[in-house]
Amino acid sequence: MTWSAKTNLSSCPDTTSIYSCASNAKCLPSVAIVIVDYNGVAETTCCLASVNAIDYGNYDVYLVDNGGNCSTKLQAVASTYARVHYLRSNENLGFSGGNNFALKKLDADYDFVLLLNNDTVVTPDFLSRLIESADDRALVGSKIYYWSDKNLIWYAGGGSSRTICRSWHNGFRKLEENYDDKGSREVGFISGCCMLIPSKALIDIGFLDESYFLYLEDTDYCFRAMDAGYRLRYNSDSVIYHCVSASTGDASALMNYYKIRNRQYFIDRYSTNKPLSKFLAYCEIAAGLLIGKYKSNSVKKALHDYRMGITGKVQEG
């Protein structure tokens, strides 16, 4: 089968010919793939179809229904795949809590866990390529393109700085033909959109920090991993496609609230130059207000909740 990404989310990859290496499966490291869904059945359906077509033979999928209102449909989709374990949370636990919900319920000892966004479509060899770069002291990430433009890069490895307390995507919004990027290398940041984690790290580092609820929990985990002596790697031969922000909307008020609030907590925890980090964070807020990217109500609530020490899920109203 020749895999081809579709531009329409309603058109999922063809899985009539399933890639498998079942005869070698017992020799491969075992992987638990965790996918969290919150009212994104269409995206999750395509994601599961693409995962079902991978050429890797030793994995299971743990699909978390994260307190959404489409449980019947989602459970029906999950039931069509033998490798998919459906898990239901009665409330929205956020990205970090949703992933942790599954990680705490794994019913086998896996060598690796893979955090994978539900609004992604993977290529058949993406996991095989990740495993090529993996070991028990390294986290690994894939190359990620935009779903809407298969030649436009969203993530090609990443970097980070504790001086300004930031992480970033290398190759962001660059065209593939204009970006020289081959092979596997160490990086300073791996996106939680697709992050392969050795199971040993869950013991050494722990789970994702649920105080963030949404956004910056992946950067936090990368910093904790590096502090614990783990390496971060990126493999450009492992490719997936991402429908960016399908679950919260592009530059939504909810997104901006968590970004602004969590940035303050993140700076308090990790910055080696807090005055500079805080100054840059407030400059970004001011610029966002000036160009209309941020709404004043979201900014006010985010900063108020930070000053009050409020973490986790935002309280509406």
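Residues numbered from 1 in each chain as written. Predicted model: local features only at pLDDT ≥ 70, side-chain atom pairs only at ≥ 80, totals over all residues. Heavy atoms only, no water.

(A) View of the overall build of the protein. Secondary structure summary: the protein contains nine helices and twelve strands in total. When burial is assessed residue by residue, the protein has 55% of its 317 residues classed as buried. Long-range pairs, those at least 24 residues apart, make up 74% of the contacts in the protein with a sequence separation of at least 6. For the protein, the computed accessible surface area is about 13800 Å², with 51% contributed by carbon and sulfur atoms. (Helix = DSSP H or I, 4+ residues; strand = E, 2+ residues; numbered from the N terminus. Buried < 20%, exposed > 50% of the residue type's maximum accessible area, 1.4 Å probe, protein only. Contact = heavy atoms within 4.5 Å. Areas by Shrake-Rupley, 256 points an atom, 1.4 Å probe, with all protein chains shown as cover.)

(B) Geometry of helix α6 (residues 217-227). In terms of burial, α6 is a largely internal element, nine of the eleven residues being buried. Downstream of α6 by a residue or two, Gly-229 has a phi angle that is positive, lying close to 90 degrees.

(C) Expanded view of empty space enclosed by the protein. By the definition in use, this model includes one cavity of 30 Å³ or more. Taken together, Leu-48, Val-51, Asn-52, Tyr-59, Val-61, Tyr-81, Arg-83 and Val-84 make up the full set of residues lining the largest cavity. Residue assignment for the lining of the largest cavity shows that the elements contributing at least two residues are α1 (41-51) and β2 (59-66). Counted by class, the lining of the largest cavity contains six nonpolar, one polar and one charged residues. (1 Å grid on protein atoms, 1.4 Å probe; cavity = no way out; pocket = protein on both sides within 12 Å on 5 of 7 lines; lining within 4 Å. Points joined across faces, edges and corners; volume = space filled by probe spheres on them. Nonpolar A, V, L, I, M, F, W, Y, C, P; charged D, E, K, R; others polar.)

(D) Local environment of the pairing of strand β3 (residues 84-89). With six bridges joining them, β2 and β3 adopt parallel strand pairing. By the bridge assignment, Asn-66 is partnered in β3 with Ser-89. Of the crossover connections in this fold, the one passing from β2 over helix α2 (residues 71-78) to the parallel β3 is right-handed. (Pairing = 2+ DSSP bridges. Right-handed = clockwise from strand over helix to strand, strands pointing away.)

(E) Looking closely at unusual backbone geometry. Not every positive phi belongs to a glycine, and Cys-165 is a case in point at roughly 55 degrees. Within the secondary structure layout, Cys-165 lies in the loop between β8 (158-161) and β9 (166-169). Residue Cys-165 is classed as buried on the basis of its relative accessible area of 0%. Residue Phe-213 is not a glycine yet carries a positive backbone phi of 65 degrees.

(F) The arrangement of the packing of helix α8 (residues 274-291) against helix α9 (residues 296-307) in detail. At a minimum axis distance of 10 Å, the contact between α8 and α9 shows a crossing angle of 155 degrees. If you check the angle between α8 and α9, you find them roughly antiparallel. Note that α8 runs across α9; the crossing there is left-handed. Of the residues in α9, those touching α8 at Lys-278, Tyr-282, Ile-285 and Leu-289 are Ser-296, Val-299, Leu-303 and Tyr-306. Of the residues that constitute the contact of α8 with α9, the class distribution is six nonpolar, one polar and one charged. (Axes fitted to C-alpha atoms, helices over the stretch in contact; angles between N-to-C directions. Parallel < 35°, antiparallel > 145°, perpendicular 65-115°, else oblique. Left-handed = near helix turned anticlockwise from the far one by under 90°.)

(G) Region of interest: the side chain of Ser-161. Mapped onto the elements, Ser-161 comes out in strand β8. Residue classification places Ser-161 among the buried positions, given a relative accessible area of 18%. Within the structure, the side chain of Ser-161 is placed 3.4 Å from the backbone nitrogen of Ile-164, a separation counted as a polar contact. Setting aside residues up to four positions removed in sequence, Ser-161 forms contacts with Arg-166, Trp-168 and Phe-223. (Polar contact = N/O pair within 3.5 Å; in protein donor to acceptor, adjacent residues only side chain to side chain.)

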